[in-house]
Every structure is written in C-alpha cells, then in structure tokens.
Amino acid sequence: TTTTTTTTVAQAYTPIPGPAQDFLILGDWGTEAAAQISVAQEVNNWAAITQPNAIISVGDNFYNGNQTYDGIQSANDIKFTEAWKNMYSGQNIANVPWWTVLGNHDWYTINSQVYELTFKDSRWILPDFFYTNRVQVDTGVYATFIFIETDLLAYGFAGKTAEMNQNFINMGWTSDQNTNKKQLAWIENTIAQYNNDQYIIIVGHHPTYTCVTDVTADLAAVQGFINKWGVSAYVNGHSHSMAGYVTNSGKTLVCHAFM
C-alpha cells in the first residue's frame, strides 16, 4: 500500500523568527472565477501560519466577473460582497485589513474609481489615490508603505479606454493641470519625507521595471526615484506573472504579484 501526502506551499513555509510585520500580497484578483476561490482558500491557509498584519492589493480589484462591467457601479455594488467580502471570509483572514490601490480595470466604468474610495468597510483601506502607512517593526525600526496610483502615469491623459479618459477628466487630471508631474512630485517628496526609515516599500499596479513590456517615461521616472533614494522594494501587479527582480545594484527588490 502506498500512501501519498500532499503538502501545500503554506504548510511548507517556516516563519522568520524575531520581531516582524507580515503581509500577504494579491494582484489582479476580482474575477469571481474558480481560480479566485482557490486562491482565497490558500490565502486563508497562509494566514493561519503567518498571521498577517494586512493584505495588500496591488489593483485590478474588480473584473467583470458575474456582472457585465469592469470596476464597480456604486459604493454599494454587489461585487464588494460577492468578489471580496464573502470571497475572503476564511476564519484566518475575516478580520484582516486590506491596504489597496487601483488598477486599470478599476477605471473602466464611469466613476468606478470614486466608488472604490468611498466604499465603507473597516477592512477596506483606500483613503486616497496616494497615501502612506507607517508601521513599527521593532524598537526604533520602522517601515513605510507608499501607495501610489499608476494609471495616469501608465496611459497618459487619453487613458487606455474612453471611460478611463472620461474618469481622468472628471477628476480634473488633465494636461493643462500637469497632473502627472504633480503625482510624480508627490511620490518623490513622500519618499524623501520617510527616507530615514529602515524600510520603504512602494505599492502600485503597473510595473516600473520588467522584462515583459516597456514602461512609459513617467513610470521610468518612478523607477528613477526608487534608485535615487534606495527604496527597499516596489510591488506591483498588472503583468499577470509572478516575478522578482533585484535592481539598483542589489539594493531594491521589484516584485510582480498576481492572483
């Protein structure tokens, strides 16, 4: 008789000893498909071992799924329940907060981006398009997470779709306002503000460095800030691949996270 034992990735993981903050990272997840259900179960398995402080979403939070539209149509859209709250309801993650940014699919319905910001749930953390979370890792040791909106930087003022373009206009993100330059300035100024922290991790949807596709001049500028200030890591989604690069002479980890 042969007995086969199956060990999941989560079961094989050994937590690092000592003071730490732990985070689970998901990208491109809101499909409501069987694959999302499987990933949600595995996230719950991981959380039993790692006890994460938060789950970080790198965007494309809502695809069309069981509905006929990408993004969401209101701050009470059923997708918040079906594709998120009920999907990630395992006992180990039911109360874990989500630190969130937007992806391009979150801009494909008119005002979808606003509804994701105004949705009210204690676990859904998306206070603005650009924001920070600073955590204490150990005595005198801090990590600052800088969350950025990359869609204008990735597609320019015309956007990728007519709906994205209209949403940019609705936000007042126009070329005569030089909004992309203002967003880039915010990113570098925020890195500089927290530069004395031991760790700085930037979270965005689009890659600033990748072998999969070219990046725009604005996203390359973000990578320039990362190199200039010696940022610890940049985490993104969008490329639909799991990959990691060490850049900036070995100083920075660039990670693609994908559901």
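Residues numbered from 1 in each chain as written. Predicted model: local features only at pLDDT ≥ 70, side-chain atom pairs only at ≥ 80, totals over all residues. Heavy atoms only, no water.

You'll find the protein entered in an unreviewed UniProt entry as Metallo-dependent phosphatase, with Rhizoclosmatium globosum given as the organism.

A. Quick look at the side chain of D70. When you line up the elements, D70 lands in the loop between strand 2 (54-57) and helix 3 (79-85). In this structure D70 is buried but unpaired, with K79 as the nearest side chain of opposite charge at 5.8 Å. Within polar-contact distance, the side chain of D70 engages the side chain of H105 at 3.0 Å. Sequence-distant contacts of D70, defined by excluding residues within four places in its chain, comprise F62, Y63, N64, K79, H105, Y108 and T109. (Helix = DSSP H or I, 4+ residues; strand = E, 2+ residues; numbered from the N terminus. Buried < 20%, exposed > 50% of the residue type's maximum accessible area, 1.4 Å probe, protein only. Lys, Arg positive; Asp, Glu negative; His and termini not counted. Salt bridge = Lys/Arg side-chain N within 4 Å of Asp/Glu carboxyl O. Polar contact = N/O pair within 3.5 Å; in protein donor to acceptor, adjacent residues only side chain to side chain. Contact = heavy atoms within 4.5 Å.)

B. Geometry of the sheet that holds strand 3 (residues 98-100). An order of 1-2-3-4 is seen for the four strands of this open sheet, with the pairing classed as parallel. Both edges of this open sheet fall to strand 1 (23-26) and strand 4 (124-125), since each of them pairs with a single strand only. Judged from the three bridges that link them, strand 2 and strand 3 form a sheet pairing that is parallel. Bridged to S57 within strand 3 is T100. (Pairing = 2+ DSSP bridges.)

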